[in-house]
Structure formats: C-alpha cells, structure tokens
Amino acid sequence: MPILKALLKQFFGARYERIGKSLVACLILFLAVRAAKIRVEIAPFILFLTTTAVSAGVMWQTLHDAGNVERMTGLFLLPFQDGEMTASLVLIYTCYTLVTKTFPVLVLFLAVQEWDALQIAVALLCACNGCVTAAAWYVIVSEASHSKKGKQMFSVVLWCGGILLSVFLVDEIALFTFIVSASLLLAIIRLLRADAYVFCSPVSAKQLTRHGGRSGSIFLYLLRYLLTNRNYLWNTVGLCAVAGILPMLLGQFAGVNVMPLGFAILCLNTPLCILLSVDPDLEQAVRVLPGQAGRFCTSYTLFIFSVNLAVSGVYLISWQVQHGGVGGREVLTALLFALQSAILSVLLERLAPIRNWKIETDLWHHPRKYIVPLMMLLIAGMIGMWLMP
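Residues numbered from 1 in each chain as written. Predicted model: local features only at pLDDT ≥ 70, side-chain atom pairs only at ≥ 80, totals over all residues. Heavy atoms only, no water.

Visitor: Account for unusual backbone geometry, naming residues and giving values.
Guide: One can expect most non-glycine residues to show negative phi and most peptide bonds to be in trans. Phi at Lys37 takes a positive value of approximately 55 degrees, unusual for a residue other than glycine. Its place among the elements puts Lys37 in the loop between helix H2 (17-35) and helix H3 (44-63). By relative accessible area, Lys37 is classed as exposed at 69%. (Helix = DSSP H or I, 4+ residues; strand = E, 2+ residues; numbered from the N terminus. Buried < 20%, exposed > 50% of the residue type's maximum accessible area, 1.4 Å probe, protein only.)

Quick look at the structure:
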C-alpha cells in the first residue's frame, strides 16, 4: 500500500485530482457526441481490437518512458519484494493507461452505438489484457540475454499474433473471452517471476543523448536522439508505412488533386515535435544561454524538415508506382509542406512548450499535436482546389 500510494500521487496528483478530471472529460465527450446524434455501425471485433491495441500501445510507451529512472529512484532505494514492487508498478501503469487514454476511446464507441453489457465487459477485459500483456512483453524482452534476444522476440511476436488472430477469427464471444483471459493469466504469471529492477533501466535514452551530444552539431545530437529512442524511431517507421498505403486510399478520389492531403497527414510526427517539452533542462538551456535559441531552432527545423522530407519521399515513390504522374510540381509541393510543417512545429514548441505533464505519453496525446497538421490540411485543401487535375 505505501508503494501504491506513492505511485498514485506521482501519476494522478497529490489528491488524485487527475482521475476526476479524466472521468469528467470522458463524461463531457460522451454527452457531446450523444447530443450530436452521431450513430455509426461498428462490429464488435473492431471494439475489441481498438481497446486492445490502444491499451497495449500506450502501456508500451509508458514503460519505455525516459523519466522512469528519475521517477522510481527513491522507491528502489527502499527495501521491497520483487513481486510486490512489480505488481504495484504494473497496476499503477495499467490504471494510468485505462483512465487517461483507453476510457476516452471506449466512451466514443459507447456514444456512437448501443452495446450490451457483455460486450462492454469483454472490451474492458481486452483493455486490461492489452496493458498487462504489454508489461509481460516488456519484461520478456528486457530480461533476455543477448544470445536469446531473437528467440524471446519471436515468442512475443507469436503471442501478439495469437491475440490478433483471435480478434479477427473467433466469432463466439465465450471462446474469445476464454482466450483473452488465458492471455491475461499467462501475462500475470510471467510478471510474478520478473525482476522489479527491469522497470528501472539504469540509463535512459535521454541521458545517453544528453551526454553524447555535448559536442558536435545539434543536428547530429537530434539524429542520435531519434536513433536511440525506439519509440520515436518506430513512430517514424510507422509513418513511412502509412506513406506507402496512402496513395492507394487517396487515389480513389477523382476530380480533385488529393496528393497534398497526404503531405499534410504525414506531418503528424508528434514525438519529434515535442523535444523541448519532453526535456525541461534542454528547454531552459535554450532559453537562458546566449545565442542558443537561434542555433538550436535552426538545427531543429532542419532536422524535422529532413525527417518529413524522407517520409514524403516514400509517399511520392508509392504514388508514382501506383498512379504515376509525379513531376517537378509534386516534388516542390513536398518540399514546401515538409519545410512549412517543420517551421510551424518548432515555433509552437519554442513559444508554447507543454508543461505540467507526468508521462511522455501525455505529450504524445496532447491536443496541441493536431494544431500544425490541421493547418497543413487547410493549406492542402486550398492547394487541391487551386491545382485541379
């Protein structure tokens, strides 16, 4: 209980006020969607897949949060038992993920369609399974020796694939509930055997880049940050995958130039646009040290521009392969979108950094992330109407 109370205060505030704020936000969202009378027919497996994927994804990001070392240093200095500490950490992380991230998504599903009590209960079970299973995967990968890393990763992939296949292929809800419960039980058993210190990595990606980037160009510092932090890197890789699929989706629209919409959508690379918010020490140094603001922001803009341009390059290549017609005008549009998005993102981060956050996922899912993409979408719409095919 002392460990749970300490962690609850760290994640939800001294009086647990963040729980109330999140629940009130969910209630307002539900009532607003209901009042708008928006109704959508959704298959149950979509509900189960979404709650599982969102919960597992956020839990995985939270476990890899660079601030875990500083957050848990005091706790790990106290005497504890591995099982007690592991259970407390996983329980708090699960509560945080469900209350702040999964519940708003679940509320949207409940607002646009009527669900029976059994389906809602199974969706909650899927959400819990996603959180606890992600923690088990984290333990399996972290505790594996270098020689067995590949084997353990293969087992994690099989486990993940089994869950996904059951979502898509099992129509009987009783059998599906049994499979999800079995996965949850297996994850709990694996966590009970875990070394609690696995949740407190001795060196974070942020610390590595901070020490490794003291000399040399800021651009190389940011590049190393991207390559060292797997969450940021995988997000960029995911955007490249989206860039390969977008031409197939947007190419179905006729009579309007929809290619710029793809450039706008691909600007949504949230992790790279919060590097000052995620590191208050760096943000303070940029503000205080003479000449650093201009030097850092210039390199930061060039860095985001380079990543945006790489993703847009994948998009252009995919469009050319699927539809053809990519020429100098399209390449110039890609350059302008990548540069404009980078400039706006850096200005927003420089002038209005996000403060008072607890976990990095708070930054990833902050409403501010949509400001630049929405502006780029408006610009893309105007360009699309102006440059009719």
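Having seen it, we continue.
Visitor: Give a description of the packing of helix H6 (residues 117-143) against helix H8 (residues 173-192) that names residues and reports values.
Guide: Closest axis-to-axis distance for the H6/H8 pair is 8 Å, and the angle between their directions is 35 degrees. Handedness of the H6/H8 crossing: left-handed. A per-class count over the contact of H6 with H8 returns 17 nonpolar, 6 polar and 2 charged. (Axes fitted to C-alpha atoms, helices over the stretch in contact; angles between N-to-C directions. Left-handed = near helix turned anticlockwise from the far one by under 90°. Nonpolar A, V, L, I, M, F, W, Y, C, P; charged D, E, K, R; others polar.)

Visitor: Tell me what's going on with the packing of aromatic side chains, and back it up with residues and numbers.
Guide: All chains considered together, the criterion is met by 7 aromatic pairs. Note on Trp60 and Tyr138: the rings are 6.2 Å apart at their centroids and 80 degrees apart in plane angle, and the pair reads as edge-to-face. You can see Trp60 sitting in helix H3 and its partner Tyr138 sitting in helix H6, a full 78 residues away along the chain. Chaining the aromatic ring pairs together yields one cluster made of Phe263, Tyr315, Trp319 and Phe337. (Phe/Tyr/Trp six-rings, centres within 6.5 Å; stacked < 30°, edge-to-face > 60°.)

Visitor: I'd like a rundown of helix H11 (residues 230-250), residues and numbers included.
Guide: Compared with the 30 Å implied by 1.5 Å per residue over 21 residues, the 30 Å span of H11 between its first and last C-alpha is a close match. Every buried residue belonging to H11 is among Asn231, Tyr232, Thr236, Leu239, Ala243, Leu246, Pro247 and Leu250, and all of these are buried. (Expected span 1.5 Å × (residues − 1).)

Visitor: A description of the packing of H3 against H6 should follow, citing residues and the corresponding values.
Guide: For the pair H3 and H6, the least separation of the axes is 8 Å and the interaxial angle reads 30 degrees. As judged from the angle between their axes, H3 and H6 are roughly parallel. For the element pair H3 and H6, the recorded crossing hand is right-handed. On H6, the residues that touch Pro44, Leu47, Phe48, Thr51, Thr52, Ser55, Ala56, Met59, Trp60 and Leu63 of H3 are Gln119, Val122, Ala123, Cys126, Ala127, Gly130, Cys131, Ala134, Ala135, Trp137 and Tyr138. Each residue belonging to the contact of H3 with H6 can be placed in one class, and the counts come to 16 nonpolar, 5 polar and no charged. (Parallel < 35°, antiparallel > 145°, perpendicular 65-115°, else oblique. Contact = heavy atoms within 4.5 Å.)

Visitor: Any details on the pattern of salt bridges? Residues and values, ideally.
Guide: In total, this model carries 2 salt bridges according to the counting rule given. Between Arg34 and Glu114 there is a salt bridge; the shortest N-O distance is 2.9 Å. Here Glu114 lies in the loop between helix H5 (82-112) and H6 and Arg34 lies in helix H2, a separation of 80 residues in the sequence. Given a relative accessible area of 58%, Glu114 falls into the exposed group. (Salt bridge = Lys/Arg side-chain N within 4 Å of Asp/Glu carboxyl O.)

Visitor: Would you mind going over the environment of Pro44 in detail, with residue names and values included?
Guide: With respect to the helices and strands, the residue Pro44 is situated in helix H3. When the C-alpha atoms of Pro44 and Ile173 are compared, they prove to be 9.5 Å apart, with 129 residues separating the residues in sequence. In contact with Pro44, not counting residues within four places along its chain, are Trp115 and Gln119.

Visitor: Which residues make up the confidence of the model for the chain, and what values do they have?
Guide: Averaged over every residue, the pLDDT of the chain is 80; residues scoring 70 or more account for 86%. No element of the chain has a lower mean pLDDT than helix H9 (residues 205-212), which averages 41, and none a higher one than H8, which averages 93. Counting contacts from residues 202-216, a segment whose pLDDT is below 50, to residues more than four positions away or on other chains yields 22 contacts. (pLDDT = per-residue confidence, 0-100.)

Visitor: Residue-level account of the side chain of Gln61, with values.
Guide: Here Gln61 shows up in helix H3. Apart from residues lying up to four places away in sequence, Gln61 is in contact with Asn231, Thr361, Trp364 and His365.

Visitor: Would you mind going over a nonpolar patch on the surface in detail, with residue names and values included?
Guide: Residues Phe45, Ile46, Leu164, Leu165, Phe168 and Leu169 make up a contiguous nonpolar surface patch of roughly 550 Å² in combined accessible area. Sort the elements by how many residues they give to the nonpolar patch and helix H7 (residues 149-169) lands first, with 4 residues. You can see Leu165 is positioned in helix H7. (Patch = residues over 30% accessible without salt bridge, like charges linked within 9 Å, V, L, I, M, F, W, Y side chains within 5 Å. Areas by Shrake-Rupley, 256 points an atom, 1.4 Å probe, with all protein chains shown as cover.)

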